[in-house]
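# Per-entry structural report
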Amino acid sequence: MSQAPDQLRPPLDNDSWRLVGLDIDGTLMHWGGDITPAVVRAVEQVRMCRNHVILATGRNIIGTMPVAQALGIRRGWAVCSNGAVTIRLNPASPGGYDIVETVTFNPRAALDLIREEMPDAFFAVEDLGVGFRVNREFPMGELVGRQRVVDDFDDLAQGEATRVVIRAPGVDVSHFDDLVHRIGLSDVTYAVGYSAWLDLTPPNVSKASALEALRRQLGVYPDHTVAAGDGNNDTEMLRWAGHSAAMATAPEHVRDVADEVLGSVEEDGILPLLERLIDPDRLAVL
């Protein structure tokens with residue numbers, strides 16, 4: 001009698017590679033911008049135990065690379081811009097990375113709809129590997145990379161993009177969420193942030209879609225995938241993973257899709273998950 005495909009998968013053991021997708025902000029990194037030495041050490045040990053540790057973030061490349069360096073990740077992969085950009089870390093390449101995959105969309109229709117509703121909002125279109133084209137400069141610290149102000153909004157909305165950010169200071173988050181549902185953004189993937197912050201990426205693109213492409217490329221079994229995150233843009237990734245964990249500070253609907261809820265980022269809540277991925281016997285022989 002033939003076996004089902006699930007029965008043919010090997011057990012999750014020390015001879016099988018795992019793929020571990022980790023959000024950065026609010027998961028690995030404290031809100032003040034720090035990653036503690038304990039988390040850095042745990043990530044290093046997880047990587048030594050046959051785990052592909054892949055940073056999966058809404059940050060652009062410029063914002064992701066310093067975090068990878070702080071974690072000691074010099075080789076491997078990272079998913080940036082909420083899944084629209086995948087890079088391979090390579091110390092021999094300029095900037096320490098190669099862009100291996102980008103997915104783009106034309107943002108004009110979405111930008112026009114949102115601009116009509118929020119004419120005073122800040123708009124930013126990702127300029128890959130450089131920063132952003134913006135209608136006006138965002139407040140300091142909100143965007144990573146160079147901001148090039150574009151005077152004509154038509155020029156800002158022209159052409160293909162990997163990611164668009166809309167920021168409306170002073171607007172309630174629930175109002176922002178209601179807005180995107182009311183105007184309909186069927187041609188993009190969107191995620192509303194903790195504040196009145198909206199991320200737009202190409203349709204059907206998410207951290208999960210990029211991680212799934214890497215999983216297939218690396219030959220990792222679906223059951224051997226792990227993910228942790230804390231935001232709306234992590235929801236699909238948590239659903240995708242064989243085992244998922246949400247941080248305690250995640251919104252309730254994000255916690256609901258995870259297999260477990262960890263402590264807060266400020267108390268290094270990610271550590272118990274990372275520690276379960278460390279095999280002491282393997283570390284002893286390395």
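Residues numbered from 1 in each chain as written. Predicted model: local features only at pLDDT ≥ 70, side-chain atom pairs only at ≥ 80, totals over all residues. Heavy atoms only, no water.

- As recorded by an unreviewed UniProt entry, the protein carries the name HAD family hydrolase and is attributed to Demequina muriae.

## Thoughts on the overall build of the protein
- Scanning the protein for helices and strands turns up 11 helices and 14 strands.
- Taking 2.2 N^0.38 as the reference for a compact globule, 286 residues should give roughly 19 Å; the C-alpha atoms of the protein span a radius of gyration of 19 Å, in line with that estimate.
- The C-alpha extent of the protein, read off along each of the three principal axes, is 60 × 45 × 35 Å.
- Buried residues in the protein amount to 50% of all 286 residues.
- Summarising the internal contacts of the protein: among those between residues at least 6 apart in sequence, 57% fall at separations of at least 24.
- Accessible surface computed for the protein: about 13200 Å², of which carbon and sulfur atoms make up 48%. (Helix = DSSP H or I, 4+ residues; strand = E, 2+ residues; numbered from the N terminus. Rg over C-alpha atoms; globule rule 2.2 N^0.38 Å. Buried < 20%, exposed > 50% of the residue type's maximum accessible area, 1.4 Å probe, protein only. Contact = heavy atoms within 4.5 Å. Areas by Shrake-Rupley, 256 points an atom, 1.4 Å probe, with all protein chains shown as cover.)

## So, the sheet that holds strand β10 (residues 189–192)
- In space, the 6 strands of this open sheet follow the order β8-β7-β6-β9-β11-β10, with mixed pairing throughout. In this open sheet, the two strands that pair with only one neighbour each are β8 (146–149) and β10. Between one strand axis and the next, the sheet turns by 25 degrees as a mean value, whatever way the strands run.
- Across 4 bridges, β10 lies against strand β11 (residues 197–201) in antiparallel orientation. (Pairing = 2+ DSSP bridges. Axes fitted to C-alpha atoms, helices over the stretch in contact; angles between N-to-C directions.)

## Quick word on the sheet that holds strand β2 (residues 51–56)
- Here we have 8 strands laid out as an open sheet, ordered β5-β4-β3-β2-β1-β12-β13-β14, and mixed in their pairing. Each edge of the open sheet carries a strand with a single partner, namely β5 (97–102) and β14 (260–261).
- With 5 bridges joining them, strand β3 (residues 76–80) and strand β4 (residues 85–89) adopt antiparallel strand pairing. For Trp77, the partnering residue across the bridge sits in β4 and is Arg88.
- Seen against the sheet, helix α3 (residues 61–70) touches β2, β3, β4 and β5 and runs at an angle of roughly 35 degrees to β4.

## Points about the side chain of Ser244
- Here Ser244 is to be found in strand β13 (residues 243–246).
- A polar contact of 3.2 Å, which involves the side chain of Ser244, links it to the backbone oxygen of Leu238. (Polar contact = N/O pair within 3.5 Å; in protein donor to acceptor, adjacent residues only side chain to side chain.)

## What to know about the pattern of salt bridges
- Using the criterion set out here, one finds 11 salt bridges in the structure.
- In this structure, Asp23 and Lys207 form a salt bridge, with 3.1 Å as the shortest nitrogen-oxygen distance. Of this pair, Asp23 sits in the loop between β1 (18–22) and α2 (37–48) while Lys207 sits in helix α7 (residues 207–218); the two residues are 184 residues apart in sequence, bridging distant segments of the chain. A single burial state applies to Asp23 and to Lys207, both of which are buried.
- With its nearest N and O atoms 2.5 Å apart, the salt bridge here joins Lys207 to Asp234. Residue Lys207 is found in helix α7, and its partner Asp234 is found in the loop between β12 (225–229) and α8 (235–240); the two are separated by 27 residues along the sequence.
- Overall, the relative accessible area of 1% leaves Lys207 in the buried class.
- Residue classification places Asp234 among the buried residues on the basis of a relative accessible area of 0%.
- Within this structure, Asp23, Lys207 and Asp234 form a network of salt bridges that share partners. (Salt bridge = Lys/Arg side-chain N within 4 Å of Asp/Glu carboxyl O.)

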